[in-house]
Amino acid sequence: MRERESHSRRGRSLFRDPDVMAARAAGGRAAVGAWRLHLPRVFGFCGGVLNAVRLVEECLDRPGRTGRVWLLGEIIHNRTVNEHFRAAGARLLAEPDVRRIIEIASPDDTVVIPAFGVPADLDRRIRQAFPPERIVDTTCRYVQRIWDFVAERAAEGWTIAIHGKPEHAETQATSSREIGRAHV
């Protein structure tokens, strides 16, 4: 249990920069070497990212966990966070391999859906292939709200324009929803 607790504490502190923490404690300003650090009023990980990081930490630290933990691509768009989870034992699938998770993972494995979701057809296949306790869905609630919003507008006959790179995972997850006429 101590190993799990220390891993979890390391994860929570890993993403906290000591200079930022000092500036926070000093009202948003701190000397950093020859520089002076001024923090904006709002900064850092959003709530969706904090939730995703927490859920993956809990998954990796779950007592009695069996099998591997598969991240379906990057959990968030942050190399340090993704490398942290890889070093902690999670297996991060490259984007081209994400759709093969059902072929790759065993029934004892846990599948982690990233904060920006996965395409709707893959989501359905994952939920059919794995029991709920083997799926950790970290999809941000605000991303889900966007999906709901565009689905409602599409049901009203709107044409949906999605501004994003067609090959980007978040764009694919959003454009795959039942939204009728959509253009990326």
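Residue positions are given per chain, counted from 1 along the sequence in the order it is written. Reporting in this predicted model follows two pLDDT cut-offs: at least 70 for local features of residues, and 80 or more for side-chain atom pairs to be given and counted; totals over whole chains, interfaces and linings ignore these cut-offs and use all residues. Only hydrogens and water are set aside when side-chain values are computed; all heavy atoms of the structure are taken into account.

**Q** Help me understand the nonpolar core, please; the structure alone is not making it clear to me.
**A** Soluble, globular proteins show a tendency: their nonpolar side chains are buried together. The biggest cluster of nonpolar side chains holds 17 residues, and the ones touching the most others in it are Val56, Ile75, Ile76, Phe85 and Val112. Counting only elements with at least two residues in this core, the list comes to helix H3 (47-61), strand E3 (69-71) and helix H4 (79-87). With seven residues, H3 is the single largest residue contributor to this core. The contact criterion used throughout is that any non-hydrogen atoms of two residues lie within 4.5 Å. Apart from the residues lying within four places of it in its own chain, the contact partners of Ile76 are Phe45, Val49, Ala52, Val81, Asn82, Ala115 and Phe116. We define a nonpolar core as any set of buried Ala, Val, Leu, Ile, Met, Phe, Trp, Tyr and Cys residues linked to one another through side-chain atoms lying within 4.5 Å. Type-normalised accessible area, obtained with a 1.4 Å probe on protein chains alone, sets the label of each residue: buried when under 20%, exposed when over 50%, and partly exposed for intermediate values. Ranked by size, the runner-up nonpolar core spans 13 residues in total, among them Val118, Leu122, Ile126 and Ile135. Starting at the N terminus, helices and strands are each numbered in turn, a helix being any DSSP run of H or I of at least four residues and a strand any DSSP run of E of at least two.

**Q** Explain the confidence of the model for the chain to me, please; I cannot follow it from the model alone.
**A** A low pLDDT means the predicted coordinates there should not be read in detail. Summing up the model confidence of the chain, the mean pLDDT is 86 and the portion of residues at 70 or higher is 90%. The score called pLDDT rates the predictor's confidence residue by residue, from a low of 0 to a high of 100. Of the regions scoring below 50 in pLDDT, residues 1-11 engages in 13 contacts with residues more than four places distant in sequence or in other chains.

**Q** Help me out: how do you make sense of the pairing of strand E5 (residues 110-113) in this one?
**A** If a strand is regular, its side chains alternate between the two faces of the sheet. The two faces of E5 match: Thr110 and Val112 on one face and Val111 and Ile113 on the other face are all buried. In the sheet, E3 pairs with E5 via three bridges, with the strands oriented parallel. Along E5, the bridge assignment pairs Trp70 with Val111. Two strands qualify as a pair provided DSSP detects at least 2 bridges between them. Judged from the three bridges that link them, E5 and strand E6 (residues 135-137) form a sheet pairing that is parallel. Bridging across to E6, Ile113 finds its partner in Asp137.

**Q** What exactly am I supposed to notice about the environment of Cys59 here?
**A** Summarising the element assignment, Cys59 is placed in helix H3. Given the relative accessible area of 0%, Cys59 is considered buried. Sequence separation between Cys59 and Ile135 is 76 residues; the distance between their C-alpha atoms is 9.7 Å. The contact partners of Cys59, leaving out residues within four places of it in the chain, are Arg65, Val69, Thr110 and Val136.

**Q** What is the right way to read the sheet that holds E3 from this model?
**A** Two strands in a sheet stick together by hydrogen bonds in their backbones, pointing the same way (parallel) or opposite ways (antiparallel). Ordered by their spatial adjacency, four strands build an open sheet running E4-E3-E5-E6, and the pairing between neighbours is parallel. In the strand order of this sheet, the two ends are held by strand E4 (91-92) and E6, each with one partner.

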